[in-house]
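Residue-level structure breakdown
Each chain is listed here by its residues.
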Amino acid sequence: MTKHHSNHPNAAIAPTTRRYSQPSRIVHHSSSRNQGDKFIGILSTLIFVLFLCLTIVLHSSLSSSFSFSSDKGGNLDAILRQEVMVEKLGTDVYYNRKRERRNKDRDFYKSLENRRRHRRREDYEKEEKGKEERTRIKTTSTTTTTNTARVKDENYIQSLYDHVHEIRKPKHPVIKDAFQELVYYDVNNCPDHPPTHYPIEWPILDLIDNWNPSNISSSFRPAIYQGICRFDFKTEFHKALNYREAELPFILRDDPQVLEVVKRWNQPGYLSHILGKYVEYRTEYSETNSLMFYREQKNIMRPEGWEPPMSNVKMTYNEWMAKASQSEEDMGPDKPHWYFRVNAKGGTDHFMFQELPFFLPEKNFYIVDPSDTRGINCRFGMMGNTAATHFDGSRNFIMLFGGERRYILSHPKNCESLALYSRKHPSGRHSAVDWSHPDLEQFPEFQNAMGNEVVLQAGDVLYLPTHWFHFIVSLDLNWQCNARSGITDHYEDHILRCGF
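Attention here is on the structure that accompanies the text.

The rules behind these values
Residues numbered from 1 in each chain as written. Predicted model: local features only at pLDDT ≥ 70, side-chain atom pairs only at ≥ 80, totals over all residues. Heavy atoms only, no water. Pairing = 2+ DSSP bridges. Helix = DSSP H or I, 4+ residues; strand = E, 2+ residues; numbered from the N terminus. 1 Å grid on protein atoms, 1.4 Å probe; cavity = no way out; pocket = protein on both sides within 12 Å on 5 of 7 lines; lining within 4 Å. Points joined across faces, edges and corners; volume = space filled by probe spheres on them. Nonpolar A, V, L, I, M, F, W, Y, C, P; charged D, E, K, R; others polar. Patch = residues over 30% accessible without salt bridge, like charges linked within 9 Å, V, L, I, M, F, W, Y side chains within 5 Å. Areas by Shrake-Rupley, 256 points an atom, 1.4 Å probe, with all protein chains shown as cover. Salt bridge = Lys/Arg side-chain N within 4 Å of Asp/Glu carboxyl O. Lys, Arg positive; Asp, Glu negative; His and termini not counted. Charge placed at Lys NZ, Arg CZ, Asp CG, Glu CD. Phe/Tyr/Trp six-rings, centres within 6.5 Å; stacked < 30°, edge-to-face > 60°. Buried < 20%, exposed > 50% of the residue type's maximum accessible area, 1.4 Å probe, protein only. Axes fitted to C-alpha atoms, helices over the stretch in contact; angles between N-to-C directions. Contact = heavy atoms within 4.5 Å. Expected span 1.5 Å × (residues − 1). Arc of directions from axis to C-beta. Polar contact = N/O pair within 3.5 Å; in protein donor to acceptor, adjacent residues only side chain to side chain.

**Details of the sheet that holds strand S11 (residues 404-410)**
- With mixed pairing, the six strands of this open sheet are ordered in space as S1-S12-S11-S14-S9-S5. Each of the sheet's edge strands pairs with one partner strand only, and the pair in question is strand S1 (202-203) and strand S5 (290-291).
- Bridge count between S5 and strand S9 (residues 386-391): two bridges; the pairing is parallel. Among the inter-strand pairings, Ser 290 is bridged to a residue of S9, identified as Thr 386.

Structure below.
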């Protein structure tokens, strides 16, 4: 050992260095271990705090979620029962929704079946209507051809006269006594050309006092203030031509073409057949016997306090006929009334042109201007119907094929005395006066209005020039059709003074 040390040049130093370096390394390792223990302690504390926070949060969440359970004791059984109830509620909602979908599907298929059934019904009715129309056209064509060949047959024409005269009531007598000095022509035997001041006029109030429009009793047939001529087609047709050229009103009676229609339409069931059993037509309805036309214009407000004087409904001819066949008591002035309409416009394919070929847009006595026609307008009236006084803007031929109608006529020069609604009013060109009960305090000018009257019967044709006023009363069940053609300016100055 000593020798070993004596031979090493640093023998005294090296052992000393090793002795003091080892304890130094031992002190260094002990310090690192202490720092690690501190880090682990801190980390454990943080984990514990975090765990404690999470526990508090979870406890709060569970308490709020199951507060309803706490109210009932907060036990687990209550929570489980609530979960079962929620599950059951979800099942009920599911089945309720399923049931609703099933009901909706059933309603949809039921609605679909109803639509199919309705479509089949419409197709059936359309087919029936087509059959009826084909039969009607065929029958009418055959009848028209046959009757055209018969028109020169005096015996056939005489049979028409006899038939129509049987269904006509006696004519109303004409008042002559009180105004003998004014009536200087016989309305049933007028001169070839219109006499001066034709037609004669009387105060309209006298006409109303003599025969109030609300009195439509079949037993009341008073004398009338007739001022226009009645011409016989066979012997006085040339007179009718002269009066038409002069643009003055008149009546033409017993045209064989018209009498043929009278004979057909008065056959039981004929009109029901040609109009169809299921076809509905526009019909004017009023809660009283007064029917006043109106048309609301776009961008024009209703007059203050104004209400539509009537309404439009749809009904078949048979339905209307049932209304028009009631007793007189059920058709009084204060009872509901219906005004049946059939219009043939927009072409000549409508069956009414087959029925009334003289109204085709071709030059003839009734169609003066074929270039300006307005189709055919038919109005079927029940007893008591009144159409308010008005004028039309074109010449008009009016034919009656059954029943009776009273017309009160007034020259256009009376327009300022008739209290007309303005042109912008829904009932413009109509008189605001109730002719059954005229209010002279509200309309004092009406006492100056003049006019005359006539009762049309089956087979009569009334000619009304442009702008002539007319008030209509249906005396019983009646069928009327009219056609317009062309406009004249004979009376335009009078109408312009009234703002039209």
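**Brief notes about the layout of surface pockets**
- Looking at the largest pocket, its volume works out to about 670 Å³.
- Taken together, 32 residues make up the lining of the largest pocket; nearest its centre are Phe 293, Arg 341, Arg 379, Arg 429 and Arg 484.
- Where the lining of the largest pocket is concerned, the elements lending two or more residues are strand S4 (281-286), strand S7 (337-344), strand S8 (373-381), S9, strand S10 (396-402), S11, strand S14 (469-474) and strand S15 (478-485).
- Per-class residue counts for the lining of the largest pocket are 11 nonpolar, nine polar and 12 charged.
- For the second largest pocket, the lining is made up of 21 residues, of which Thr 288, Ser 290, Leu 291, Thr 386 and Asp 434 are closest to its centre.
- Only S5 and S9 provide two or more residues apiece to the lining of the second largest pocket.

**Thoughts on empty space enclosed by the protein**
- Here the structure, examined in full by the defined rule, presents four cavities of 30 Å³ or more.
- The calculated volume of the largest cavity comes to roughly 80 Å³.
- Residue lining of the largest cavity: Lys 169, His 172, Trp 211, Asn 215, Ile 216, Ser 217, Ser 218, Phe 220, Arg 221, Glu 404 and Leu 475, and that is the complete set.
- Of the residues belonging to the lining of the largest cavity, the class tally is four nonpolar, four polar and three charged.

**Re a positive patch on the surface**
- Taken together, Arg 99, Arg 102, Arg 106 and Lys 110 make up a surface patch of like positive charges.
- Mapped onto the fold, Arg 99 is located in helix H4 (residues 76-150).

**A short note on the packing of aromatic side chains**
- Taken as a whole and judged by the stated rule, the model has 32 aromatic pairs.
- Arranged with centres 5.2 Å apart and planes meeting at 45°, the rings of Tyr 285 and Trp 338 form a pair that is tilted. Taken together, the positions of Tyr 285 in strand S4 and Trp 338 in strand S7 put the pair 53 residues apart, joining distant regions of the chain.

**Quick look at a nonpolar patch on the surface**
- Among the surface-exposed residues, Phe 39, Ile 40, Leu 43 and Ile 47 lie close enough to one another that they form a single nonpolar patch of about 420 Å² accessible area.
- Looking at where Phe 39 falls in the secondary structure, it is placed in helix H2 (residues 14-65).
- You can call Phe 39 exposed: its relative accessible area is 57%.

**Describing the sheet that holds strand S13 (residues 460-464)**
- Taken together, nine strands build an open sheet; the order of strands is S2-S3-S13-S10-S15-S8-S7-S4-S6 and the sheet is mixed. Across the chains shown, the open sheet's two edge strands, defined by having one partner strand only, are strand S2 (230-232) and strand S6 (311-315). Pairs of neighbouring strands in the sheet enclose a mean axial angle of 25°, with direction left out of account.
- Sheet contacts for helix H7 (residues 233-245): S2, strand S3 (250-253), S10 and S13; angle to S2, the most-contacted strand, approximately 135°.
- This element, helix H10 (residues 317-324), spans S4, S6, S7, S8 and S15 of the sheet and lies at about 145° to S7.

**Observations regarding helix H5 (residues 154-167)**
- Taking 1.5 Å of rise per residue, the 14 residues of H5 would be expected to cover 20 Å, and the 21 Å separating its terminal C-alpha atoms lies within 8% of that figure.
- Turning to H5, its buried residues number three or more, namely Tyr 156, Ile 157, Leu 160, Tyr 161 and Val 164. End-on, the buried residues of H5 take up no more than an arc of 145°, which puts them together on one face. What points out from H5, more than 90 degrees from its buried face, is the exposed set Asn 155 and Glu 166.
- Its side-chain oxygen 3.0 Å from the backbone nitrogen of Asn 155, Asp 153 forms the N-cap of H5.

**Digging into the pairing of S11**
- Of all the seven residues making up S11, seven are buried; the element is thus mostly covered by neighbouring parts of the structure.
- What you see with S11 is no split at all: Glu 404, Arg 406, Ile 408 and Ser 410 on one side and Arg 405, Tyr 407 and Leu 409 on the other are buried throughout.
- Inspection of the sheet shows S11 paired to strand S12 (residues 450-457) by six bridges, in the antiparallel sense. For Tyr 407, the partnering residue across the bridge sits in S12 and is Val 454.
- Two elements, S11 and S14, share six bridges in a ladder whose sense is antiparallel. Opposite Arg 405, over in S14, you have Ser 474 as the bridge partner.

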